[in-house]
Amino acid sequence: MATMESRAVDGDLQALCDAAGVVTAWVDAWNRPQVGPAEDLLGVLAALLGRDLRTRSAIVAATSDLRGDVPAIEPVVVAWDGLAPPIEVRTAVTDGVVVLESGGEVPVRIDGGTVVVPPLPNGYHTLALNGGDHTAWIFAAPVRAHPAPHGVLGLISPTYSLRMNATDDVGIGTLSELAGLADVCRDAGIAVVGTLPLLAAFPDQPSPYAPASRRAWNEVFVDFDAIPDWSAPSPIPQGDPRWVDYDRTGAAIRESLASYARHVGSSPRLRAQVDAFIGRDPEMSSYARFRALADDHGRNWRAWSDGVVPDPERIAYHETVQWLMDGQLRALSSDLEARGQFLYLDLPIGCHPDGFDIWDRPELFAPASLGAPPDTLFVGGQDWGLPASIPSLSRLDGHANFRKAIARQLSVAGLLRIDHVMGIHRAWWVPHGAGATHGAYVMQPTDEMFAIICIESARAGAGVVGENLGTVPPEIRSALDEHDLLGMAVAQDGVSEPRPNDLVALSSHDTPAFAAWWEAMDVDDLLDLGVFDDERADEEREQRWTAIDGLRHEFGTDGPEDTRDALMTWMAGTPAAVALVNLDDLIMEHRRQNIPGTDWERPNWRLRHDVALDELAADDHFMDRLRAIVAARPEPQG
């Protein structure tokens with residue numbers, strides 16, 4: 001009887017997972033079939049549905065409710081190339097129009113139980129039936145995104161790591177240093193200037209991948225030299241100049257910016273410019289109010305007292321710094337475009353749980369975090385602590401959060417990398433209180449998310465890269481190709497020719513730089529952290545020596561530097577659309593930007609380069625090496 005009961009529960013659980021869009025079986029990064037344990041599936045379902053599912057009757061009832069809760073019309077319809085499919089309506093309809101994003105109206109034809117929509121211009125439109133009793137979003141999107149650059153080389157570095165020179169430094173790289181990196185690229189003939197996310201952050205949160213908002217900028221990167229009649233804060237003494245001291249450096253920068261904001265407030269001319277910026281982008285007013293409240297009451301907005309009122313001076317501060325960052329980034333982007341270069345930015349997959357994007361619409365998020373199952377990049381699985389968006393509720397909202405995040409980045413980026421692009425097809429959810437390996441995949445409205453990417457890419461005239469490393473379902477690879485988005489390939493572990501629609505790189509911010517990889521320093525670190533035991537560490541080192549021997553044999557090289565140069569030249573000569581070189585690899589950096597799965601155990605996201613940009617620009621050997629890599633690239637196409 002117990003066996004029959006368990007089989008019945010298994011069947012009921014499968015039915016609920018199917019109805020809710022929770023994946024019960026998948027293929028992992030090692031091509032091994034996996035089946036989700038019942039406990040993990042139930043944990044994800046409870047977070048997704050907001051229901052107690054500890055009994056069989058609760059599971060059956062939830063399945064029945066989901067199957068019975070069929071809307072009169074789907075909340076989002078995708079019209080690829082402006083052509084919407086016949087839209088099924090499950091209620092009587094007498095009339096309808098499409099209200100265009102521009103404000104105009106287009107009549108539709110009612111044909112029995114379907115609505116036939118005429119061709120539409122690209123954009124986010126609203127279908128209104130029976131005088132608005134029933135509505136749906138229509139995303140009219142080009143099938144293909146704006147073409148990414150092809151046949152070009154890129155150079156990437158975190159902005160915070162950069163130094164302009166050895167003496168004039170505020171303790172963190174800013175947009176001034178990013179512009180300096182762009183100048184080095186220009187002198188070497190490099191088109192793509194890359195950096196990590198520049199998004200808003202809480203003062204004590206250094207990770208650019210846990211932003212306070214994906215829809216605002218981080219003011220610590222303001223270029224003080226670009227502010228007329230204002231000076232940068234004095235160099236800030238630090239305990240160890242090799243690392244960013246976010247406490248002292250950030251505080252000094254924000255204090256100087258607060259003084260500037262008061263100066264702006266006393267200048268009708270400057271304040272009018274800030275007001276005009278807020279008028280063009282009203283969300284920045286709401287963001288500034290949120291940050292002002294967080295400044296005074298702590299970032300955990302769930303604990304704020306009812307009726308709290310933000311400090312007007314702090315509101316003015318956050319409005320001012322967003323105005324500064326927006327203007328400076330647009331100016332940098334425009335300068336790069338004028339000389340044939342592209343700013344390459346990165347969009348994180350989510351927002352800090354205490355962030356503005358969550359506070360703005362908390363009902364859209366579940367008590368679960370986004371992450372990744374065990375894969376070749378991190379065998380222990382990952383819990384990123386970023387709140388998971390509930391797909392059904394996001395659809396009702398027209399995926400406004402994602403739309404705004406993409407648009408913000410593409411307002412300045414000529415090429416945008418979407419971190420963990422697999423998350424727009426299926427997202428790994430880790431219920432609060434569970435470990436990173438105890439989760440399950442939740443299916444996402446993939447077509448709708450790709451439609452947003454294509455609309456925003458076309459509007460901005462910018463290319464998009466989907467970071468598809470790790471556990472990648474075949475649907476993602478097909479979608480990237482269909483929508484003309486680049487994928488990614490990492491060349492560090494071996495020579496495997498990337499595809500023409502790939503961005504190929506030697507390393508990333510989540511992998512050791514080449515010099516550290518060569519010496520297996522990452523294996524030693526993971527052993528020290530307890531992620532590896534001695535046996536596993538020995539196996540990893542053996543695999544590393546085998547990989548290194550393979551590279552040396554392939555290229556006829558001996559040491560790390562000549563092997564690195566050979567790898568970069570090989571990358572440049574492949575048919576990949578973009579070959580991306582990491583500055584950490586070029587300067588033989590041994591430290592890591594980030595160790596996935598760690599937080600304060602390691603100084604993640606703090607590394608400052610020992611060598612300054614002006615030294616690199618004056619180093620003939622360094623510049624000749626860059627030019628040689630550029631020379632190996634195919635001729636640009638478009």
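The rules behind the values
- Residues numbered from 1 in each chain as written.
- Predicted model: local features only at pLDDT ≥ 70, side-chain atom pairs only at ≥ 80, totals over all residues.
- Heavy atoms only, no water.
- Helix = DSSP H or I, 4+ residues; strand = E, 2+ residues; numbered from the N terminus.
- Contact = heavy atoms within 4.5 Å.
- Areas by Shrake-Rupley, 256 points an atom, 1.4 Å probe, with all protein chains shown as cover.
- Lys, Arg positive; Asp, Glu negative; His and termini not counted.
- Charge placed at Lys NZ, Arg CZ, Asp CG, Glu CD.
- Axes fitted to C-alpha atoms, helices over the stretch in contact; angles between N-to-C directions.
- Parallel < 35°, antiparallel > 145°, perpendicular 65-115°, else oblique.
- Left-handed = near helix turned anticlockwise from the far one by under 90°.
- Nonpolar A, V, L, I, M, F, W, Y, C, P; charged D, E, K, R; others polar.
- Pairing = 2+ DSSP bridges.
- Salt bridge = Lys/Arg side-chain N within 4 Å of Asp/Glu carboxyl O.
- Buried < 20%, exposed > 50% of the residue type's maximum accessible area, 1.4 Å probe, protein only.
- 1 Å grid on protein atoms, 1.4 Å probe; cavity = no way out; pocket = protein on both sides within 12 Å on 5 of 7 lines; lining within 4 Å.
- Points joined across faces, edges and corners; volume = space filled by probe spheres on them.
- Phe/Tyr/Trp six-rings, centres within 6.5 Å; stacked < 30°, edge-to-face > 60°.
- pLDDT = per-residue confidence, 0-100.

A tally of regular secondary structure across the protein chain gives 20 helices and 23 strands. Contacts spanning at least 24 positions in sequence make up 70% of the contacts within the protein chain whose residues lie at least 6 apart. Surface exposure of the protein chain reaches about 26000 Å², of which carbon and sulfur atoms provide 51%. Across the protein chain, 50 positive and 95 negative side-chain charges occur, with their mean positions spaced 3 Å apart.

Once that is clear, we can look at the packing of helix α16 (residues 534-555) against helix α17 (residues 560-573). Two elements in contact, α16 and α17, have axes separated by 10 Å at closest approach and are oriented at 70°. One way to sum up the angle between α16 and α17 is to call them roughly perpendicular. Note that α16 runs across α17; the crossing there is left-handed. Across the interface between the two elements, L551, R552 and F555 of α16 pack against T563, A566, L567 and W570 of α17. Of the residues assigned to the contact of α16 with α17, the class counts are five nonpolar, one polar and one charged.

Axis angle and axis distance: for two packed helices, these are the angle between their axes and the distance between the axes, and together they describe the pair. For the pair helix α5 (residues 246-265) and helix α8 (residues 312-338), interaxial distance at closest approach is 9 Å and the crossing angle is 100°. Judged by the angle between their axes, α5 and α8 are roughly perpendicular. The segment α5 lies against α8, with R254, L257, A258, Y260, A261, R262 and V264 engaging E313, R314, A316, Y317, T320, V321, W323 and L324. Here the residues of the contact of α5 with α8 are counted per class, giving 10 nonpolar, one polar and four charged.

All right, on to the sheet that holds strand β6 (residues 96-99) then. With mixed pairing, five strands are arranged side by side in an open sheet as β4-β11-β10-β6-β7. With partners counted over all chains shown, the strands left at the sheet margins are β4 (76-80) and β7 (105-107), one partner each. Geometrically, the sheet is characterised by an average inter-axis angle of 25° between neighbouring strands, direction not taken into account. Here three bridges tie β6 to β7, and the two strands are oriented antiparallel to one another. Residue pairing for β7: V99 is matched across the bridge by E105. Where helix α12 (residues 446-460) meets the sheet, its contacts fall on β4, β10 (123-129) and β11 (134-141), and the angle it forms with β4 comes to roughly 50°.

As a general feature of sheets, a regular strand has side chains that alternate between the two faces. Bridge analysis of strand β1 (residues 22-23) against strand β19 (residues 440-443) gives two bridges, and the strand direction is antiparallel. Of the residues in β19, the one forming a bridge with V23 is Y441. For strand β18 (residues 426-431) and β19, the ladder comprises four bridges, and the chain directions are antiparallel. Paired with W428 across the strands is Y441, a residue of β19.

Proximity of charged atoms lets side chains of opposite charge pair with each other. Across all of its chains, the model carries 53 salt bridges by this definition. Two residues, E283 and K404, come together in a salt bridge whose shortest N-O distance is 3.3 Å. Here E283, found in helix α7 (residues 283-297), pairs with K404, found in helix α11 (residues 400-410); they are 121 residues apart in sequence, far enough to count as distant. Of the residues examined, E283 reaches a relative accessible area of 15% and is grouped as buried. Residue K404 is classed as partly exposed on the basis of its relative accessible area of 36%. Close ionic contact of D528 with R602 constitutes a salt bridge, the shortest N to O distance being 2.8 Å. Note that D528 is positioned in helix α15 (residues 521-529) and R602 in the loop between α18 (583-586) and α19 (613-618), a separation of 74 residues in sequence. In the salt-bridge network here, residues are joined through shared partners; they are R215, E283, D357, D360 and K404.

Overall, the coordinates contain four cavities of 30 Å³ or more when judged by the stated rule. The computed volume of the largest cavity comes to approximately 410 Å³. What lines the largest cavity is a set of 30 residues, and nearest its centre among them are R214, I349, S389, F402 and M449. Where the lining of the largest cavity is concerned, the elements lending two or more residues are β15 (365-372), β16 (382-389), α10 (391-396), α11 and β18. A per-element tally of the lining of the largest cavity places β16 first, with three residues. Looking at side-chain class alone, the lining of the largest cavity contains 19 nonpolar, eight polar and three charged residues. Taken as a whole, the second largest cavity spans an internal volume of roughly 200 Å³. Around the second largest cavity, the lining comprises 21 residues; the ones closest to its centre are I156, S507, S508, H509 and N582. The set of elements that each furnish at least two residues to the lining of the second largest cavity consists of β14 (342-347), β23 (578-582) and α18.

This paragraph deals with the packing of aromatic side chains. Throughout the structure, instances matching the rule amount to 14 aromatic pairs. On the numbers, 5.4 Å between centres and 45° between planes, the contact of Y209 with W605 is tilted. With a gap of 396 residues between them, Y209 in the loop between β13 (192-194) and α5 and W605 in the loop between α18 and α19 connect regions that are remote in the sequence. Judged by relative accessible area, which is 11%, Y209 ranks as buried. On the accessibility criterion, W605 (7% relative accessible area) is buried.

Once that is clear, we can look at the confidence of the model for the protein chain. Looking at the protein chain as a whole, its pLDDT mean stands at 93, while 97% of the residues score no less than 70. In the predicted structure, residues 1-9 sits below a pLDDT of 50 and forms three contacts with residues beyond four places in sequence or in another chain.

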